[in-house]
Amino acid sequence: MQSPAPASGVALRLLEPGTGVRGKGAQEVAPREPVGVNDRKEAEPRPRAPAPRGLQLPAVPTAAPAHWAPGRRDGGCRRRDPRGPSGMWLQGHPDLSDLRAAARRRPALGTAPSGVMLIEDFVTQEEEAELVRLMDRDPWKLSQSGRRKQDYGPKVNFRKQKLKTEGFCGLPSFSREVVRRMGLYPGLEGFRPVEQCNLDYCPERGSAIDPHLDDAWLWGERLVSLNLLSPTVLSMCREAPGSLLLCSAPSAAPEALVDSVIAPSRSVLCQEVEVAIPLPARSLLVLTGAARHQWKHAIHRRHIEARRVCVTFRELSAEFGPGGGQQELGQELLRIALSFQGRPV
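Residues numbered from 1 in each chain as written. Predicted model: local features only at pLDDT ≥ 70, side-chain atom pairs only at ≥ 80, totals over all residues. Heavy atoms only, no water.

Trainee: Can you lay out the overall build of the protein for me, pointing to particular residues and giving the numbers?
Mentor: The secondary structure content of the protein amounts to four helices and 17 strands. Burial statistics for the protein: of 345 residues in total, 51% are counted as buried. A separation threshold of at least 6 residues defines the contact pool for the protein, and within that pool the share at least 24 residues apart is 80%. Put simply, the protein shows about 16100 Å² of open surface, and 50% of that area lies on carbon and sulfur atoms. (Helix = DSSP H or I, 4+ residues; strand = E, 2+ residues; numbered from the N terminus. Buried < 20%, exposed > 50% of the residue type's maximum accessible area, 1.4 Å probe, protein only. Contact = heavy atoms within 4.5 Å. Areas by Shrake-Rupley, 256 points an atom, 1.4 Å probe, with all protein chains shown as cover.)

Right, here's the structure in full:
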């Protein structure tokens with residue numbers, strides 16, 4: 001059984017307060033080996049129609065698991081060592097051993113956000129190149145913080161909570177197979193996006209995106225992003241009152257501590273913790289729950305070392321779903337989006 005690639009490893013990095021210097025107590029915790037391909041049975045692939053515009057994405061088994069899923073004990077991988085750096089342990093969240101997380105700003109590691117799922121190798125290198133080639137056929141618009149973008153979705157005024165469907169013709173045709181494949185993974189069943197945003201990052205432009213929360217009036221519970229061309233790091237922080245609990249690492253094996261309760265030894269303010277999640281190229285990131293609604297996410301300039309294309313898909317909120325106040329508008333948005341006849345707006 002082969003070990004994971006370095007980009008997939010668990011790196012627990014600590015920075016001294018107010019600096020970009022790695023702390024003396026920092027160390028790396030080697031991940032456990034994931035379940036190999038031969039360790040699980042794959043279902044027969046579903047038949048599908050040929051993908052449009054030359055994009056060929058092979059079918060994925062209907063039971064294909066995510067490579068890791070915090071908060072799930074059957075996420076398709078073996079547990080990773082929950083012990084953090086400097087003899088500290090993630091208090092109250094044994095399942096966070098599956099999260100590739102790092103605390104910075106202070107030499108402490110606290111409770112990381114729940115609701116993060118990463119699916120590695122969601123597309124192949126050939127599929128990745130074809131997706132980007134098809135995107136580059138359409139113009140990119142300059143955006144904020146050195147980014148370029150392509151939008152496929154309704155025009156929205158989030159402050160006034162108003163939107164227009166004029167000019168929105170749907171998601172691009174080459175995303176049809178990508179969206180179909182998403183629905184084959186646990187946690188993404190029934191995912192029907194109504195908006196796709198392509199963002200192009202480049203180190204020469206100083207590309208980045210500041211910490212933010214995505215809108216919750218129009219966009220729903222699951223925020224899904226496909227990371228293409230180069231690896232990067234998603235940084236998450238929470239500007240909330242209160243503290244995160246830490247405790248000393250126990251001497252027992254991690255597997256024996258899954259259902260144990262360990263008394264905390266100290267705490268650190270929420271505002272002083274940042275969680276860094278490595279995103280390999282061709283991986284699919286899903287944010288739900290606390291990670292979606294309570295923890296801001298960002299991409300720092302220092303984490304863009306080569307061209308990166310991020311494709312983010314958003315679904316509708318309950319307000320636009322069955323029984324919601326704007327159910328009819330939601331149905332119209334879905335009809336347009338899933339026609340897959342769109343061009344950038």
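Trainee: Describe the sheet that holds strand E5 (residues 148–152), naming the residues involved and giving the relevant values.
Mentor: Taken in spatial order, the seven strands of this open sheet run E3-E15-E10-E17-E8-E5-E4, and their pairing is antiparallel. A strand with exactly one partner marks an edge of an open sheet, and here the two such strands are strand E3 (116–119) and strand E4 (141–142). Note: E3 against strand E15 (residues 283–287), four bridges, orientation antiparallel. Bridging from a neighbouring strand, Val-116 pairs with Leu-287 of E15. Across the sheet, helix H1 (residues 125–136) touches E5, strand E8 (193–201), strand E10 (219–228) and strand E17 (308–316), and the angle it forms with E10 is around 105°. Packed on one face of the sheet, helix H4 (residues 327–337) meets E8 and E17 and runs near 55° to E8. (Pairing = 2+ DSSP bridges. Axes fitted to C-alpha atoms, helices over the stretch in contact; angles between N-to-C directions.)

Trainee: Could you give me a rundown of the packing of aromatic side chains, with the residues and numbers involved?
Mentor: Note on aromatic pairs: each is described by the distance of the centres and the angle between the planes. Taken as a whole, this structure holds three aromatic pairs when the rule is applied. Arranged with centres 5.4 Å apart and planes meeting at 75°, the rings of Trp-217 and Phe-320 form a pair that is edge-to-face. Remark: Phe-320 occurs in the loop between E17 and H4 and Trp-217 occurs in the loop between strand E9 (209–212) and E10; sequence separation between them is 103 residues. There is no split in this pair, since Trp-217 and Phe-320 are both buried. We note Arg-181 situated over the ring of Phe-122; from NZ or CZ to the ring centre the distance is 5.6 Å. (Phe/Tyr/Trp six-rings, centres within 6.5 Å; stacked < 30°, edge-to-face > 60°. Lys NZ or Arg CZ within 6 Å of the ring centre and 35° of its normal.)

Trainee: Mind laying out the pattern of salt bridges, listing which residues take part and the relevant values?
Mentor: According to the stated counting rule, one finds 14 salt bridges in the structure shown. We note a salt bridge from Asp-200 to Arg-148, for which the minimum N-O separation is 3.4 Å. In this pair, Asp-200 is assigned in strand E8 and Arg-148 in strand E5, connecting sequence segments 52 residues apart. (Salt bridge = Lys/Arg side-chain N within 4 Å of Asp/Glu carboxyl O.)

Trainee: Tell me about the nonpolar core, and name the residues and values.
Mentor: Of all hydrophobic cores here, the largest spans 39 residues; its most connected members are Phe-122, Met-182, Leu-188 and Leu-228. Look past the residues within four positions of Leu-188 in its chain and what remains in contact with it is Met-117, Ile-119, Met-182, Gly-183, Arg-222, Val-224, Leu-284 and Val-286. One finds Leu-199, Val-273, Trp-295 and Ile-304 within the second-largest nonpolar core, a separate group that totals 24 residues. (Core = buried A, V, L, I, M, F, W, Y, C linked by side-chain atoms within 4.5 Å.)

Trainee: Any chance you could break down H1 for me, citing the residues and the numbers?
Mentor: Between its first and last C-alpha atoms H1 spans 17 Å; for twelve residues at 1.5 Å apiece the expected length is 16 Å, and the two agree. Buried within H1 are the following residues: Glu-127, Glu-128, Glu-130, Leu-131, Val-132, Leu-134 and Met-135. Along its buried surface, H1 packs onto E5, helix H2 (176–182), E8, E10 and E17. (Expected span 1.5 Å × (residues − 1).)

Trainee: Tell me what's going on with unusual backbone geometry, and back it up with residues and numbers.
Mentor: A positive phi angle, near 55°, is found at Asp-121, a position not held by glycine. Counting through the fold element by element, Asp-121 comes out in the loop between E3 and H1.

Trainee: Could you give an account of the confidence of the model for the protein, with specific residues and numbers?
Mentor: In the predicted model, the protein carries a mean pLDDT of 72, and 61% of its residues have values of at least 70. Below pLDDT 50 for its whole length, residues 56–111 participates in 219 contacts with residues either more than four positions away or in separate chains. (pLDDT = per-residue confidence, 0-100.)

Trainee: Describe the environment of Leu-163, listing the residues and the values that go with them.
Mentor: Along the chain, the position of Leu-163 falls in strand E7 (residues 162–164). When the C-alpha positions of Leu-163 and Leu-329 are compared, they lie 9.8 Å apart, and in sequence the two are 166 residues distant. Ignoring sequence-local partners within four residues, the contact set of Leu-163 consists of Pro-154, Lys-155, Val-156, Trp-217, Leu-218, Phe-320, Leu-329 and Leu-333.

Trainee: So what's going on with the environment of Ser-145? Residues and values would help.
Mentor: Turning to its location among the elements, Ser-145 is positioned in the loop between E4 and E5. Ser-145 gets classed as partly exposed once you look at its relative accessible area, which sits at 26%. For the pair formed by Ser-145 and Ile-209, sequence separation is 64 residues and the distance between their alpha carbons is 6.4 Å. Ignoring any residue separated from it by four or fewer positions in sequence, one finds Ser-145 in contact with Gly-206, Ser-207, Ala-208 and Arg-301.

Trainee: Explain the environment of Ala-240 residue by residue, including any values.
Mentor: With respect to the secondary-structure elements, Ala-240 resides in the loop between strand E11 (232–237) and strand E12 (243–248). Given the relative accessible area of 11%, Ala-240 is considered buried. Counting along the chain gives 31 residues from Ala-240 to Gln-271, while the straight-line C-alpha distance between them is 6.5 Å. With near-sequence residues (within four places) excluded, Ala-240 lies in contact with Cys-270 and Gln-271.

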